[in-house]
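Commentary on secondary and tertiary structure
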Amino acid sequence: MNTHYPNLKQSWGLFGLGIATQVIAALVISGLPGSLGILVGQLVSNILIIAIALKFKNASIDHLFSARRSVSPLLFPILIVFNLAFLCVNDPIVELIPMPDFVAEMFEQMFEKDIYTFLAVAMVAPIGEELLFRRIMLPGLVQNYGERNGILWSAFFFAVFHLNPWQGIGAFFIGIFLAWLFLRTRNIWLCIFLHFFNNALSFLAFIYFDDAMMSITDFTGYGYQLAIVVVLSLICMYFCIRMLQRNFAKTIDDAEKT
């Protein structure tokens, strides 16, 4: 019997409630201009879904941010390098799916070069999504269905939550990594940091290049240069994971000695 919250059925319920809170937020911000409306909408939807999830889980807000294990500062540069390498691998995969012009225009219209967009994209969204999918949803799925299935299901919900394949593909694969990272460290701040860095990098690239949909292929094309970048990025990701694993093992050993 699946006694830990949330099980798969309850996770689908949380997912549906997450979508519903976005609809409610859209109604709330209907009179607000552009990027300010997006920021307020993110805040409203995140607060609503997290409050509902905590009510069902019978937990307090302190439960979300408590870190059971300290982490080394060395992890942060490793995560940055991993994320950069991941983007170099993910971008060419996503571009295999043609994006309709109206979707590209929609993405372009969603971004504005101001502080409201930055806060919505790089701060509010990462915190809300990490709390929901990694801090609340993932532990219950792992306890009910095992680590591998729990990771895959949490990554699946995270991907579908984006409601489009161009973001969803990358969200699924990075969601697997984020779930693995959280389970090994039990520190949600690491996941929030990586999510923040990824989104902030996209926003800064938009500011600098004036292209919300820019990709590594804009620099390499689709020839041998791209192949070299992808292979090197995969190697880089592998060594980043190995370094993280060694750090996790050292952290556990140190904790057992104290």
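Up top you'll find the structure we're talking about.
Summarised in this report is the structure supplied together with it. (Residues numbered from 1 in each chain as written. Predicted model: local features only at pLDDT ≥ 70, side-chain atom pairs only at ≥ 80, totals over all residues. Heavy atoms only, no water.)

The next point concerns the overall build of the chain. When helices and strands are counted, the chain shows 11 helices and zero strands. Counting from the amino terminus, the chain carries its helices and strands in the arrangement α-α-α-α-α-α-α-α-α-α-α. The C-alpha atoms of the chain give a radius of gyration of 19 Å, which matches the 18 Å a tight globule of 258 residues would have. Its C-alpha atoms put the chain at 50 × 45 × 30 Å along the principal axes. Classification of the 258 residues of the chain by burial places 43% in the buried group. Long-range pairs, those at least 24 residues apart, make up 80% of the contacts in the chain with a sequence separation of at least 6. (Helix = DSSP H or I, 4+ residues; strand = E, 2+ residues; numbered from the N terminus. Rg over C-alpha atoms; globule rule 2.2 N^0.38 Å. Buried < 20%, exposed > 50% of the residue type's maximum accessible area, 1.4 Å probe, protein only. Contact = heavy atoms within 4.5 Å.)

The subject of this paragraph is the packing of helix α7 (residues 147-160) against helix α8 (residues 165-185). Across the interface, α7 lies against α8 with an axial gap of 8 Å and an inter-helix angle of 140 degrees. One way to sum up the angle between α7 and α8 is to call them oblique. Where α7 crosses over α8, the two elements pack in a sense that is right-handed. Note on element contacts: α8 touches α7 through G168, A171, F172, I174, G175, I176, A179, W180, L183 and R184, opposite E147, I151, L152, S154, A155, F156, F158 and A159. Taken together, the residues that form the contact of α7 with α8 break down as 13 nonpolar, three polar and two charged. (Axes fitted to C-alpha atoms, helices over the stretch in contact; angles between N-to-C directions. Parallel < 35°, antiparallel > 145°, perpendicular 65-115°, else oblique. Left-handed = near helix turned anticlockwise from the far one by under 90°. Nonpolar A, V, L, I, M, F, W, Y, C, P; charged D, E, K, R; others polar.)

Counted by the stated rule, this structure contains two salt bridges. In this structure, R184 engages E147 in a salt bridge whose closest nitrogen and oxygen atoms are separated by 2.8 Å. Of the two residues, R184 sits in helix α8 while E147 sits in helix α7, which places them 37 residues apart along the sequence. (Salt bridge = Lys/Arg side-chain N within 4 Å of Asp/Glu carboxyl O.)

A full pass over the atoms with the stated rule returns 19 aromatic pairs. Aromatic side chains W12 and F157 sit 4.8 Å apart centroid to centroid with 80 degrees between the ring planes, which places their arrangement in the edge-to-face category. Note that W12 is positioned in helix α1 (residues 8-28) and F157 in helix α7, a separation of 145 residues in sequence. Grouped by ring-pair contacts, the aromatic residues W12, F15, F133, W153, F156, F157, F158 and F161 constitute a single cluster. Taking the ring centre of F206 as reference, the NZ or CZ of K113 above it sits at 5.5 Å. In this structure, R134 is placed above the aromatic ring of F158, and the distance from its NZ or CZ to the ring centre is 4.2 Å. (Phe/Tyr/Trp six-rings, centres within 6.5 Å; stacked < 30°, edge-to-face > 60°. Lys NZ or Arg CZ within 6 Å of the ring centre and 35° of its normal.)

Right, let's get into the environment of G168. As for its placement among the helices and strands, G168 is situated in helix α8. By relative accessible area, which is 9% here, G168 ends up buried. Placed 93 residues apart in sequence, G168 and L75 show a C-alpha to C-alpha distance of 26 Å. Beyond its immediate chain neighbours, meaning those up to four positions away, G168 contacts A159 and H162.

On to unusual backbone geometry. With an omega dihedral of -5 degrees, the bond running from Y5 to P6 counts as a cis peptide bond. Residue position: P6 is located in the segment before α1. With phi around 65 degrees, L163 is a residue other than glycine that occupies positive phi space. Mapped onto the fold, L163 is located in the loop between α7 and α8. A positive phi angle, near 55 degrees, is found at R186, a position not held by glycine. If you trace the backbone, R186 turns up in the loop between α8 and α9 (188-209).

Right, let's get into α8. A rise of 1.5 Å per residue sets the reference length of α8, with its 21 residues, at 30 Å; its end C-alpha atoms lie 29 Å apart and thus fit the reference within 8%. Measuring from the side-chain oxygen of the N-cap residue of α8 to the backbone nitrogen of W166 gives 3.2 Å; that N-cap residue is N164. One or two positions beyond α8, positive phi appears at R186, with a value near 55 degrees. (Expected span 1.5 Å × (residues − 1). Polar contact = N/O pair within 3.5 Å; in protein donor to acceptor, adjacent residues only side chain to side chain.)

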